[in-house]
Amino acid sequence: MKAAPSPLPPQRFEAGTPNIAGAITLAAAIDYVSAIGIETIGAHEQALLARATRALGEIPGVRIVGTARHKAAILSFLVEGIHPHDLGTILDEEGVAIRTGHHCAMPLMTRYGIAGTARASFALYNDFADIDVLVDAIRKAQKLFGTRGTHDTPPG
Amino acid sequence: MTHHRDDQATDARHDALRELYQEVIFDHNRSPRNFHLMPDATHQAEGYNPLCGDQLTVYLQIADELVQAASFMGQGCAICTASASLMTEVIKGKPVEEVEALFHDFHALLTTPATERSARDFGKLEVLAGVREFPARVKCATLPWHTLHNAINGGPDTARTE
């Protein structure tokens, strides 16, 4: 067998198959986002965030964590009497996928003195109806846990 | 963010949720038993799942090869707290050897299909069997038991189940 050609570094160390699929996918994703428009997407996400912030703020026993004026379309929150993991499992059963726990930011959780948070994220593919499902699911969790949601007063 | 499953599947999952969150679980979560420090413990160990934040210390008094007393402190979700609380109730007064066997059987209860489970009567621990349907939550229920196992065997490391 003849020796394989040995290029100079750094090519010498670039063994294996390059991430061709990744590059093609990235190009497709950029085309997709460009066709819709970054600003359109941003506006949609901010509308969802504003609506969700208002809706969750109206649920007794729900505390929103992180209220910076300029933030991405994610909503961290706590539900009184329900650990974020228990909440995550119940919401999952209602068809709502959220992330729970430290979010790889344990020092921040320690700073706030909390065990973790529940966190919903909004993106281009979400709509206002998704927020309604989220709100209903949180109320169901409160009902299941027998916390405040069962005896809250009607708005007014 | 949302999925719309067909009604039958949704009902089945809601039954699983009810099976997971039984009243006994809520009761032990609200008022955990043996939830205190034990200054005169002969054995103790810490358990911590850093990704999810569940953290507890298990304390034991072991004499004459018997678990004379068991308690725990810490914070966690309802499943972890209830599991720890039930565990301290169940192991009190049992021979260490039997407690170790129970640790292994309980672990199998949560991690093997219902059809393959042993004939053992798990008594009040049975309420945790529903965790099997929620693979992501098995680590919550087993953390106290792994911590117990370390306490008995004097393992130097913090127990982890994630």
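The structure we're discussing is the one just above.
Predicted model only: the values in this text are computed from it and were never measured.

Parameters and conventions
Residues numbered from 1 in each chain as written. Chains lettered and ligands numbered in written order. Predicted model: local features only at pLDDT ≥ 70, side-chain atom pairs only at ≥ 80, totals over all residues. Heavy atoms only, no water. Core = buried A, V, L, I, M, F, W, Y, C linked by side-chain atoms within 4.5 Å. Buried < 20%, exposed > 50% of the residue type's maximum accessible area, 1.4 Å probe, protein only. Helix = DSSP H or I, 4+ residues; strand = E, 2+ residues; numbered from the N terminus. Contact = heavy atoms within 4.5 Å. Pairing = 2+ DSSP bridges. Axes fitted to C-alpha atoms, helices over the stretch in contact; angles between N-to-C directions. 1 Å grid on protein atoms, 1.4 Å probe; cavity = no way out; pocket = protein on both sides within 12 Å on 5 of 7 lines; lining within 4 Å. Points joined across faces, edges and corners; volume = space filled by probe spheres on them. Parallel < 35°, antiparallel > 145°, perpendicular 65-115°, else oblique. Nonpolar A, V, L, I, M, F, W, Y, C, P; charged D, E, K, R; others polar.

### Brief notes about the nonpolar core
- Core analysis: the biggest nonpolar cluster contains 75 residues, and Leu56 and Phe77 of chain A together with Tyr21 and Leu60 of chain B have the highest contact counts within it.
- A per-element tally of this core places helix α3 (residues 78-91) of chain B first, with nine residues.
- Once you skip the residues sitting within four places of it in the chain, Leu56 of chain A turns out to touch Val62, Ile64, Leu75, Phe77, Leu134, Val135 and Ile138 of chain A.

### With respect to the sheet that holds strand β1 (residues 43-49) of chain B
Residue and element names in this part refer to chain B.
- Taken together, the three strands give an open sheet; going across it, the order is β1-β2-β3, and neighbouring strands pair in antiparallel fashion. Among the strands making up the open sheet, the edge pair consists of β1 and β3 (66-75). If you compare each strand with its neighbour and ignore which way they point, the axes differ by 15° on average.
- With nine bridges connecting them, strand β2 (residues 54-63) and β3 associate as antiparallel partners. When the bridges of β3 are listed, Leu56 appears paired with Gly74.
- Where α3 meets the sheet, its contacts fall on β2 and β3, and the angle it forms with β3 comes to roughly 165°.

### A few points about the layout of surface pockets
All names here are of chain A.
- Approximately 470 Å³ is the volume attributed to the largest pocket.
- Of all elements in the fold, only α3 (84-93) and β3 (99-101) reach the threshold of two or more residues within the lining of the largest pocket.
- Looking at the lining of the largest pocket, the element that brings in the most residues is α3, giving five residues.

### Comments concerning the environment of Ala141 of chain B
Residue and element names in this part refer to chain B.
- Residue position: Ala141 is located in helix α5 (residues 138-153).
- The exposure class of Ala141 is buried, given its relative accessible area of 0%.
- Along the chain, Ala141 and Ala16 lie 125 residues apart, while their C-alpha atoms are 16 Å from each other.

### Some remarks on the packing of helix α2 (residues 23-30) of chain B against α3 of chain B
Residues and elements named next belong to chain B.
- Here α2 crosses α3 at 85°, and the two axes come no closer than 8 Å. Between α2 and α3, the angle is such that the two are roughly perpendicular. Here α2 contributes Ile25, His28 and Asn29 to the contact with α3, which in turn contributes Ala78, Ile79, Thr81, Ala82, Ser85, Leu86 and Glu89.
- Among the residues forming the contact of α2 with α3, the class breakdown is five nonpolar, four polar and one charged.

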